[in-house]
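# A structural walkthrough
If you want the building blocks of each chain, they are given just below.
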Amino acid sequence: MLPYILRRFVNLIPVFIGATLLTFLIIQAAPGDFLDAKRLDPRTTPATIARIERQFGLDKPVFVQYGLWLKNFVTGNLGISFESNVPVWDLIGPKVFNSMILVFGSTFLLYFIAIPIGIYGAVRQYSLGDKTISLVSYFFLGFPSFFFALILIFGIIQLNWALNTKVFPVGGMTSEYYDTLSPIGKVLNVLWHTLAPMIALLLRSIASESRGFRAQMLEFLNQDFVRTARAKGLSERVVIYKHALRNAITPFVANIGGLLPAIFSGAGFVEVVFNWPGLTPVFLEALFSQDIYVNVSIGAITLVLLVIGNLMADFLLGAVDPRIRYY
Amino acid sequence: MKKAILATAALMLAGSAFGQTFVYPDAWSSSKPSEVKEGGVYRTSTISDYKTLNPFTAAESGNIPQVITDAGGMFAYDPSTGEYIPYMASSYTVSKDKLVWTMNLRKGMKWSDGKPIIADDFITAFKINTDEDVGANAYDGFFINDKPIKIKKIDADTIQAILPSVVADAIEVLAYSPAPTHVFGPVYAAKGAAGIKAMWTLNTPAEQIVSDGAFKFKSYKPGERAEFVANQYFGEWNKNSAGKSLPYLDGRTIAIVKDVTASLASYLNGDTDAFSPANADQLRQVKGAIDGGKLKAVLRANVGPAASSQWIVFNWNQKSNPSKQAMFRDDNFRRAMSHLTNRAAMVDLVYGGLAQPAYSSVYAAFTQWVSPDLKKFDYNVEAATALLAKAGFTKKNSDGYLVNKAGKVAEFDLTTNSGNNQREQLAKIFADEAKKAGVKVNFKPVDFNTLVTLLLSDGDDRKFDAILLGLSGGGRIYPLGDNVEPCGTNLHSFNKSGKCLAAWETQVTALFARGKQELDFKKRVAIAQQIQNVQSNYQAWDYLVSPNVHFSWTSNIKGEYPTALQTSINGPRNLETTWLQ
Amino acid sequence: MALASGISRNFDTAKSKSQLQVVWEQFRKHQLAVFGGLVLALLYVGAIFAPFISPYSLSEYSTTDITKFQQPTRVYVIDPETGQFNLPFVYKSTRFTNPDTFEEGYKEDRSTKYPVKLFHNRPESPFQLFGFIPMTVHLFGVDAPGNIFILGTDGFGRDTFTRIWYGAQISLTIGIFSVALSTILGLFLGGLAGFFGGWIDNIIMRFVEILSAIPDLFLLLSLSALIPRNIDPVVSFYGIIFVLGIIGWGGLARVIRSQISALREVDFVQAATALGASEMRIIGKHMLPVTFSLLIVNLSLSIPGAILTESGLSFLGYGIREPYSSWGLMISVAQEGGFASIQYRPWVLIPGFFIVLAVLCWNFLGDGLRDAVDPRKRQ
């Protein structure tokens, strides 16, 4: 297994370099740069500009700048944020964790919820429940997530008012009394805050994934070996859960890796609307002020996280599909 | 200035009863000293993340260093009289020629780490602020007509400032806050400006951040909240009239809520204690929640016009585009633009009626200062058309736009910062109305940084046509802009060639300097009004509207100013005397 | 998140007219798909005739007779005063504000009736139908000073109904154009990779891998930031199409590549090669047609995604810009109004339901097409 992981990582090096270089080039190509505002500010002397340029290597060609960034990245140094003058990692490190809470939390919940719904849809094909579910899913698929989030927040306020208590918070990740809580209390407090963003994030992906899983299940339920199993007189329960489900779940698990970037993007919108201190708000702000190392580092870190996610999906796949061996 | 000394004497009397403590006047709070309770946390929100904890490099308004030095510096503003009173100074004297100010420091003042606040701290702050390499925001304040103020230590408790010339707002300049020498001094001595700029970043542990104000920094989680706790040493020298130590609060938190809807949501949900509605919509929601019994809160609507301005400025420095340069320098063209500014529609459409038309460079909040004789070019398409004809735009082309003899279309780009809804709406209304007179205005929003860059650029060839932006801040003693009105200053945004181009600019520059040195209040006001009258006739800035200010806070937050003192300039409350019921 | 694997496996390589008929018959059995197709047809026709259907111009509002956030105009067929049947008419609404509650609203002024006129001539809002036929006649309208805002107005007092149809022109085409662009890219690059294999395949597929490794949102935002803010809004419209187009082609390229490389081994292609047909001819004549139905399905399932992405971009401030209108822009403006939009003027949210409707119908259509071309799903 270890050689497998190593090989995966070696294979990923060119992708990593390509993706970060591409991000770097795109962001550098945007009109203007961070120093533009400073250059015209009479209080900033040309000497200061030159010093900042030197300090950040901004006077060098793009590829050299990229090389510098990459070298630093490998040694664990993500550069300095121009805007707030602190190491980029200090700025985005905590946010990586915050975003991960949403991304991995919702991925886990997604499978947890989408699979049963998909099974139900496949087993009770064309039943009233199935039709309702699929209509509702279609509906959620069409809803822009930011729009849905706004309606959700509005609903929460009305609910809180109606019950005269804070059933759900309307944004943020922690309560202001967070620091006074016990460790368990802290975890619960964060989980409480994840509820609403998770709902906004999940409804869409559940809608698409459960439909996909339903199709997958149906395919296997109509296949010969299932028919054989039924003919053998196995109970429907065994047929569904042992034969069809195990087969249908394999490609589904394999797809986690492919889903993660999409969930990441979806989480981005939710972070913005729910004021969740994740990576996307930072990314947007840095894009605005052209704080380039922040942008590229966020890109690179999500890339690494996605790779880890993919690897985890691989192992999971190995667990559900005995045919897969790592060598 | 006489007025200021009288007020001082009254306070001194109160002060002497408690030795060297500063006693907060009862007039600053609507609560009686006997009824206040101690404890509790005051929760508010802000719209953007903090960039630094460093008082010398922080530039954005409402930054953390400002939060923790909220109480005042050498002098403090007295909202009940509108004057500055000695705060960290216990008393001061001014020489006969008004050039030498001698300030005696209050005894017993302490930093939040328990070290005494001493004369050296004011010297350190002065030195670092006036170090060009530090690039501090306060830098310009220590210069009068480009000549530096000199500040020196006389003895452990006495500081002397020598002004290069007489100036009306000297006390405002000298109201600056000290910097802890025991923290900044050694670094400045060893590493100079670079060392100072590297200090007190967001990473600096809270124990190292020293405060002279009522609160000290506790923690900051970007994207979440900043927390502050009461500075226990503050109470040793700041008390109420009953002798109780201030502040009453245990602390305050400022949540980072990046979106106005979200910050309203958290107020309605009871997650924050105060909110300032920005328009009729938000007022209506807050009012609805209060009336519906969902929110127990106080709402003060239409407190007054905002202490800020909004304008469209035309670029006079366009060497590479002589026809446009000539157009913008034509007085009649600019007057026509003012005639095409539909301020009533802006008030109605953008602010839901809760705003007033603006015509002056002095913020409408300074009611005493705004000239009653301003020349007003109100919305009038016919008058604008006539003025445009005078400016040479007599015929219309096939698209319905005006052209002059040279065949140039009356057309320009109007820029503002994207993402600011209200400004974008104002710009759109202006562009749509201009079209009715045959003037083609291309609305082009840009990023805020780019916009400021364009506006601040100087020389005789600047790369923009017209910018819609606003100003805020500035002094209270002479509420015209030091860096706005005179030629050659940083925000003299229509002409940044460095010299006056029009005769009236020269006149305004001279008047401004005269007003700045005029110590008599009435005469100073008269000069300021004369400046506004001249400016209004030439419309270098086309002033738009001045929105009303509204405050709201939850009912358990007490100690706000008496209603008469709640103005857009003062704000709703003094945090030192705010308490929780 | 279409599961493309299900489509590509058993693909009919023979294709004839009867095949098309089979697909059509299958498609017709899929009721939702037919419904989706019909609604979409209506929407697209509406978009084409937008200036005619709309009673006003795209950006028209009055600063003398303020109509800001006016509720949808009620069209009466029964006179509320007399209770008698009447030809459709409307009343003019007058604005009121309450300085205590800060409530703003409109009351009908029942003194004058304004009949709703079909083929109403309104010279104040001229337009060019299809971009070249000058007209001033609108499908319906009322005489001044009456107003007819059947879906209410926005914060400037502009007619929502009008802006929805003008917005449809952008929202609906942005989907098609950007997906067309990504299809061409996907087809071309995927085809190249699949056909030639070797290092070309390697390079293209590595690039696809790189693109798919960067989270879409970050890539999208970075690319959108390339479009200068002060550029002409038309150029920024093309810019957005371009950005959406270059983000979406990777997945399709993968599918096409695997199809084509499988096809390379199929008899009729080998025969063509043996007959000396050029490579381009083989790709164009023999291989691409086979992937055609796959493409149609892919198109119809990607377009809704592009429509949603555009609305998301508008929300984050990187989308379509004034004076143009798109559903995404309209809904993001409504979003900026916050809860006031939901509470006091829900009609500003209507463009959101148009987004939902269009996406829904494209999904119906796409699913129907997918099932119809998939022989295993035939009933």
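Computed from a prediction, not measured in an experiment: that's the story for all the values here.

A word on the overall build of chain B. When helices and strands are tallied, chain B shows 16 helices and 27 strands. The C-alpha atoms of chain B give 25 Å as radius of gyration, which agrees with the globular expectation for 581 residues (25 Å, within 12%). Counting only C-alpha atoms and orienting by the principal axes, one finds that chain B spans roughly 80 × 60 × 45 Å. Taken as a whole, chain B presents about 21900 Å² of accessible surface, with 52% of it coming from carbon and sulfur. Looking at charge distribution, chain B has the averaged site of its 63 positive side-chain charges lying 3 Å from that of its 57 negative ones.

Our next topic: the pattern of salt bridges. The full count for this structure, using the stated rule, is 33 salt bridges over all chains. Of the charged contacts in the structure, one is a salt bridge between E285(A) and K51(B), with a shortest N-O distance of 3.4 Å. One end of the pair, E285(A), is in helix α12 (residues 279–289); the other, K51(B), is in the loop between β2 (41–46) and α2 (64–68), on a second chain. With a shortest N-O distance of 2.5 Å, R257(C) and D201(C) are connected by a salt bridge. Here the residue R257(C) occupies a position in helix α8 (residues 233–263), and D201(C) occupies one in helix α6 (residues 198–213), the gap between them amounting to 56 residues. Taking relative accessible area as the criterion, D201(C) reaches 14% and is therefore assigned buried. By sharing partners, the salt bridges in this structure join D348(B), K68(C), R95(C) and E104(C) into a single network.

It is worth spelling out the interface of chain B and chain A at this point. At the interface, 39 residues of chain B touch 37 residues of chain A. Both faces considered, chain B and chain A share a buried interface measuring about 3200 Å² in area, 50% of it formed by carbon and sulfur atoms. A per-residue breakdown of the area chain B buries against chain A is headed by K51(B), N269(B) and T453(B), which together make up 17% of the total. On inspection of chain B and its partner chain A, the count reaches three salt bridges. Considering every element that reaches the side of chain B that touches chain A, the biggest residue donor is helix α7 (residues 260–268) of chain B, with four residues.

It is common to report an interface's size as the accessible area lost on association of the parts. The partner chain C presents 47 residues to the 54 residues of chain A that form the contact. In this assembly, chain A packs against chain C so that about 4400 Å² is buried in total across both faces, 78% of it on carbon and sulfur atoms. Between the two partners, chain A and chain C, sit zero salt bridges. Listed by contribution, the elements that provide at least two residues to the side of chain A that touches chain C are α1 (2–29), α6 (128–142), α7 (145–163), α8 (183–221), α11 (256–273), α12 and α13 (292–320) of chain A. With ten residues, α1(A) is the single largest residue contributor to the side of chain A that touches chain C. Within the side of chain A that touches chain C, the residues separate by chemical class into 38 nonpolar, twelve polar and four charged.

This brings us to the pairing of strand β3 (residues 75–78) of chain B. Residues and elements named next belong to chain B. Of the pairings in the sheet, the one linking β3 to strand β4 (residues 83–86) comprises four bridges and is antiparallel in character. Considered in β4, the bridge of F75 is made with P86. Hairpin remark: β3 followed by β4, antiparallel, with four residues in the connecting loop; positive phi at G82, about 75°.

Take the sheet that holds strand β10 (residues 158–162) of chain B next. Residue and element names in this part refer to chain B. Across the sheet, four strands lie side by side as β5-β6-β10-β9; this open sheet has antiparallel pairing. Looking at the sheet topology across the chains shown, the edges are occupied by β5 (89–94) and β9 (150–155). Across the sheet, the axes of successive neighbouring strands diverge by a mean angle of 20°, strand direction being ignored. Summarising the sheet, strand β6 (residues 100–105) and β10 pair through five bridges and their orientation is antiparallel. In the sheet register, N104 faces β10, and the bridge partner there is T158. Strands in contact with helix α3 (residues 119–129) are β6, β9 and β10; relative to β9, the strand with the most contacts, it is inclined by about 165°.

Glancing now at the sheet that holds strand β22 (residues 440–443) of chain B. Residue and element names in this part refer to chain B. On the basis of which strands lie adjacent, the open sheet formed by five strands has the order β22-β21-β23-β17-β24 and mixed pairing. Looking at which strands have only one partner, the edges of the open sheet turn out to be β22 and β24 (541–543). Adjacent strand axes in the sheet meet at a mean angle of 35°, parallel and antiparallel pairs treated alike. Here strand β17 (residues 308–314) pairs with β24 via three bridges, running antiparallel. Paired with W311 across the strands is Y543, a residue of β24.

What follows deals with the domain arrangement of chain B. All names here are of chain B. Entries for chain B in the domain assignment read domain 1 (11–27 + 72–197) and domain 2 (308–547). Using C-alpha coordinates to define each centre, domain 1 is positioned 37 Å away from domain 2. On the domain 2 side, the residues contacting the eleven residues of domain 1 number ten residues. Counting each side, the surface lost to burial between domain 1 and domain 2 is near 940 Å², with a carbon and sulfur contribution of 62%. The interface formed by domain 1 and domain 2 holds one salt bridge in total. The partner of K516 in a salt bridge is D169, and the shortest N-O contact between them spans 3.0 Å. Run the count over domain 1 and domain 2 and you get four residue pairs in polar contact (both at pLDDT 80 or more). In the side of domain 1 that touches domain 2, the residues fall into six nonpolar, two polar and three charged.

Residue and element names in this part refer to chain B. Along the chain, the position of S360 falls in the loop between β18 (355–357) and α12 (381–390). Reaching out from S360, the side chain makes a polar contact with the backbone nitrogen of V362 at a distance of 2.9 Å. A distance of 2.7 Å separates polar atoms of two side chains, one belonging to S360 and the other to Q532. Excluding residues within four positions of it along the chain, S360 makes contact with V370, L374, Q532 and Y543.

Right, let's get into the state of the cysteines. Residue and element names in this part refer to chain B. Inspection of every chain in the model, using the stated rule, returns one disulfide over all chains. Note that C487 is cross-linked by a disulfide to C500, the S-S spacing being 1.9 Å. When the S-S torsion is 110°, as for the bridge of C487 with C500, the disulfide is right-handed. In this pair, C487 is assigned in the loop between β23 (466–472) and α15 (503–517) and C500 in the loop between β23 and α15, connecting sequence segments 13 residues apart.

Turning next to the confidence of the model for chain B. All names here are of chain B. In the predicted model, chain B carries a mean pLDDT of 88, and the fraction of residues at 70 or more is 96%. Counted against residues more than four places away or in other chains, residues 1–19, with its pLDDT under 50, gives 21 contacts. Two numbers describe this predicted complex: its pTM, 0.84, and its ipTM, 0.82.

All right, on to the environment of T136(C) then. All names here are of chain C. Among the secondary structure elements, T136 is positioned in the loop between β6 (133–135) and β7 (137–141). What makes T136 partly exposed here is its relative accessible area of 28%. With 49 residues separating them along the chain, T136 and L87 place their C-alpha atoms 23 Å apart. At 2.6 Å, the side chain of T136 forms a polar contact with the side chain of N121.

Okay, the packing of aromatic side chains next. Residues and elements named next belong to chain C. With the rule as written, the count across this model stands at 71 aromatic pairs over all chains. Plain terms: the ring middles of W24 and F27 are 5.9 Å apart, the flat faces sit at 20° to each other, and that makes the pair stacked. Linking W24 with F27, this pair stays in helix α2 (residues 17–29), spanning three residues, or about one helical turn. The partly exposed category is assigned to W24, whose relative accessible area is 48%. The buried category is assigned to F27, whose relative accessible area is 9%.

Parameters and conventions
- Residues numbered from 1 in each chain as written.
- Chains lettered and ligands numbered in written order.
- Predicted model: local features only at pLDDT ≥ 70, side-chain atom pairs only at ≥ 80, totals over all residues.
- Heavy atoms only, no water.
- Helix = DSSP H or I, 4+ residues; strand = E, 2+ residues; numbered from the N terminus.
- Rg over C-alpha atoms; globule rule 2.2 N^0.38 Å.
- Areas by Shrake-Rupley, 256 points an atom, 1.4 Å probe, with all protein chains shown as cover.
- Lys, Arg positive; Asp, Glu negative; His and termini not counted.
- Charge placed at Lys NZ, Arg CZ, Asp CG, Glu CD.
- Salt bridge = Lys/Arg side-chain N within 4 Å of Asp/Glu carboxyl O.
- Buried < 20%, exposed > 50% of the residue type's maximum accessible area, 1.4 Å probe, protein only.
- Contact = heavy atoms within 4.5 Å.
- Buried area = accessible area lost by both parts, 1.4 Å probe.
- Nonpolar A, V, L, I, M, F, W, Y, C, P; charged D, E, K, R; others polar.
- Pairing = 2+ DSSP bridges.
- Axes fitted to C-alpha atoms, helices over the stretch in contact; angles between N-to-C directions.
- Domains from an automatic or database assignment.
- Polar contact = N/O pair within 3.5 Å; in protein donor to acceptor, adjacent residues only side chain to side chain.
- Disulfide = S-S within 2.5 Å.
- pLDDT = per-residue confidence, 0-100.
- Phe/Tyr/Trp six-rings, centres within 6.5 Å; stacked < 30°, edge-to-face > 60°.

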